[in-house]
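Per-entry structural report
Each chain, letter by letter, is given below.
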Amino acid sequence: MSRIILTTWGSLGDLHPMLALSLNLRDRGHDIILAAPASYQTKVESLGLEFQAIRPDLPKDPLLIEQTMDPKTGAKTVLKEIVLDNVRDTYQDLVAIAKDADFLVAHEIVYAAPLVAEVLQLPWASCALAPAAFFSAYDPTALYPARLHRLDPRVSRWAVGLAKLITRSWGNAVYRLRQDLGLPPVQNPIIGHEKYSPHLVLALFSPLLGTPQPDWPPHTVTTGFTFYDGASEQPIFPKLLEFLNAGEPPLVFTLGSAAVNAPGSFYGESVQTAINLNRRAVLLLGKNPLPQHLPPSIFACDYAPYSKIFPHARAIIHQGGIGTTAQALRAGRPTLVVPYSLDQPDNAARVQRLGTSRTLMRKDYSASRLTAELRLLDTPDYAIKAAEIGRTVRAAEGTDTACTAIEQQIKKASAHHGLPTNV
């Protein structure tokens, strides 16, 4: 079998899909190494997977974390100042890890991966976790300016071109590294096809959110979501299970694993809303302090596997990260999305178009506005549509589809080089 390196960077929403692929490929008999920020070593190794750290590690400075969640500057902070400006370190780590590999599978923001594949002449696949990654003129993202682009792909192409122009200088560290390595120059490593594998691009999201477009990268396969949330290793907290079984389905409030580190007034306003509506509620707080004077109708804990708690919810209020969005869709429950930054506004727009969700911008997140929105969400139409979408998402086999595509690409690469393969 093959020695496969999978590499990712970001929140649990970025790690979990790669864990799903890693575990499935391991079960198929492959030798797997997962390369990710050092913060994830214990989590990965507890699953019996080989782990290798790549730089940079995840940010720990509260001010920097807050900047990553800023709706205007968050993308630049994450992509340029954290990931791209450290691409030489990432390259050095990843090229050493991959030197004896047969295949590489890389998250699209591991910008060192294309360079490693070129230098080592290593066959590889890219992964995109959300439709916004493709910046399609035919399926416009909510992330770039001017809503008029929804009217005509020509205007959308202008918006994409503007985004490329704005972000081009972010890749200066990549341009310098490519030059030092003797690799040909690229126009933009952030937006466009140049960051993706020319062999296989895995769109690891449901076609309900985005379908192939004429300007997507060639050789893209829309697989469906690849789910992992540690449910088998971390059963639901007994006291939480007791709470869930003791009354009507609660509202569930969560900010995923990234925005939860910069919550602002989210939890305080959420508590007041639950009280206003006379609803039971569950708060997933992360490391944030427990709100004071919680009534018995509100339960708070740091975390619970979404696949275990979301199906119990009356509605789910979350930040719109793609991992949380996927789990909420699979649970078949209505959602209200409060996007913070990065791909979250686009994910919010897409689930709203599905008819399963409403959107409330972070700057408008107050108990009064949230109370009004949840009253609108609490109608049969949203519940019926969410249940329908949930059945579709649960029936998909995203992880198997993705892993089969990887194995097929390994076979093609082996045949091209005249090498034997037992994939």
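Our structure's up above, just so we're on the same page.
Owing to the predicted nature of the structure, the values given are computational and were not obtained by experimental measurement.

1. Let's talk about empty space enclosed by the protein
- Across all of its chains, the model carries 3 cavities of 30 Å³ or more by this definition.
- Each pocket or cavity is described by its volume, and for the largest cavity that value is around 70 Å³.
- Together, His-318, Thr-325, Ala-328, Leu-329, Arg-333, Thr-335, Val-351, Thr-356, Ala-386, Ile-389 and Gly-390 line the largest cavity.
- Elements supplying a minimum of two residues to the lining of the largest cavity: α12 (322-331) and α15 (380-395).
- Here the residues of the lining of the largest cavity are counted per class, giving 5 nonpolar, 5 polar and 1 charged.
- Quantified by volume, the second largest cavity comes out at close to 50 Å³.
- In this structure, the second largest cavity is lined by Trp-9, Arg-55, Pro-56, Val-83, Val-87, Thr-90, Ile-109, Val-110, Tyr-111 and Ala-112.
- Taken together, the residues that form the lining of the second largest cavity break down as 8 nonpolar, 1 polar and 1 charged.

2. Quick word on the pairing of strand β11 (residues 315-318)
- Taking every second residue as pointing to the same face, both faces of β11 are buried, with Ala-315 and Ile-317 on one and Ile-316 and His-318 on the other.
- Bridging between β11 and strand β12 (residues 335-337) involves 3 bridges; their strand directions are parallel. Note that in β12 the partner of His-318 across the bridge is Val-337.
- Taken together, β11, α12 and β12 constitute a β-α-β crossover, and its handedness is right-handed.

3. So, the sheet that holds strand β13 (residues 357-359)
- Here 6 strands make up an open sheet; going across it, the order is β10-β9-β8-β11-β12-β13 and the pairing parallel. The open sheet has two edge strands with one neighbour each: β10 (298-301) and β13. Across this sheet, the average inter-strand angle for adjacent strands is 15 degrees, counted without regard to direction.
- As defined by bridge partners, strand β9 (residues 281-284) adjoins β10 across 4 bridges and the pair is classed as parallel. Bridge pairing in β10 links Leu-284 to Cys-301.

4. Let's talk about the packing of helix α5 (residues 87-98) against helix α6 (residues 113-120)
- Packing of α5 against α6 leaves a shortest axis separation of 9 Å and a crossing angle of 45 degrees. It follows from the interaxial angle that α5 and α6 lie oblique. Between α5 and α6 the crossing geometry is right-handed. Within the contact between the two elements, α5 uses Tyr-91, Leu-94, Val-95 and Ala-98 and α6 uses Ala-113, Leu-115, Val-116, Val-119 and Leu-120.
- Its residues assigned to classes, the contact of α5 with α6 shows 9 nonpolar, no polar and no charged.

5. So, the pairing of strand β1 (residues 3-7)
- Taking burial as the measure, the 5 residues of β1 include 4 buried ones, the bulk of the element.
- For β1 and strand β2 (residues 31-36), the ladder comprises 5 bridges, and the chain directions are parallel. Within the sheet, the bridge partner assigned to Ile-5 lies in β2 and is Ile-33.
- Handedness of the crossover joining β1 and β2 through helix α1 (residues 12-27) is recorded here as right-handed.
- With 4 bridges joining them, β1 and strand β4 (residues 103-107) adopt parallel strand pairing. If you follow Ile-5 over to β4, its bridge partner there is Leu-104.

6. Side note on the packing of aromatic side chains
- Inspection of every chain in the model, using the stated rule, returns 11 aromatic pairs.
- Ring geometry for Phe-134 versus Trp-216: centroids 4.5 Å apart, planes at 40 degrees, classification tilted. In this pair, Phe-134 is assigned in the loop between β5 (124-128) and α7 (153-167) and Trp-216 in the loop between β6 (201-203) and β7 (220-222), connecting sequence segments 82 residues apart. Summarising the burial analysis for this pair, Phe-134 and Trp-216 share the class buried.
- Ring centres 4.9 Å apart and planes at 15 degrees place the aromatic pair Phe-266 and Tyr-365 in the stacked group. Placement of the pair is Phe-266 in helix α10 (residues 266-277) and Tyr-365 in the loop between β13 and α14 (367-377), with a sequence separation of 99 residues. The pair formed by Phe-266 and Tyr-365 is uniform in burial state, with each residue classed as buried.
- Note that Arg-168 overlies the ring of Tyr-175, its terminal NZ or CZ placed 4.8 Å from the centroid.
- Positioned above the aromatic ring of Phe-243, the side-chain terminus of Arg-280 is 4.1 Å from the ring centre.

Thresholds applied
Residues numbered from 1 in each chain as written. Predicted model: local features only at pLDDT ≥ 70, side-chain atom pairs only at ≥ 80, totals over all residues. Heavy atoms only, no water. 1 Å grid on protein atoms, 1.4 Å probe; cavity = no way out; pocket = protein on both sides within 12 Å on 5 of 7 lines; lining within 4 Å. Points joined across faces, edges and corners; volume = space filled by probe spheres on them. Helix = DSSP H or I, 4+ residues; strand = E, 2+ residues; numbered from the N terminus. Nonpolar A, V, L, I, M, F, W, Y, C, P; charged D, E, K, R; others polar. Buried < 20%, exposed > 50% of the residue type's maximum accessible area, 1.4 Å probe, protein only. Pairing = 2+ DSSP bridges. Right-handed = clockwise from strand over helix to strand, strands pointing away. Axes fitted to C-alpha atoms, helices over the stretch in contact; angles between N-to-C directions. Parallel < 35°, antiparallel > 145°, perpendicular 65-115°, else oblique. Left-handed = near helix turned anticlockwise from the far one by under 90°. Contact = heavy atoms within 4.5 Å. Phe/Tyr/Trp six-rings, centres within 6.5 Å; stacked < 30°, edge-to-face > 60°. Lys NZ or Arg CZ within 6 Å of the ring centre and 35° of its normal.

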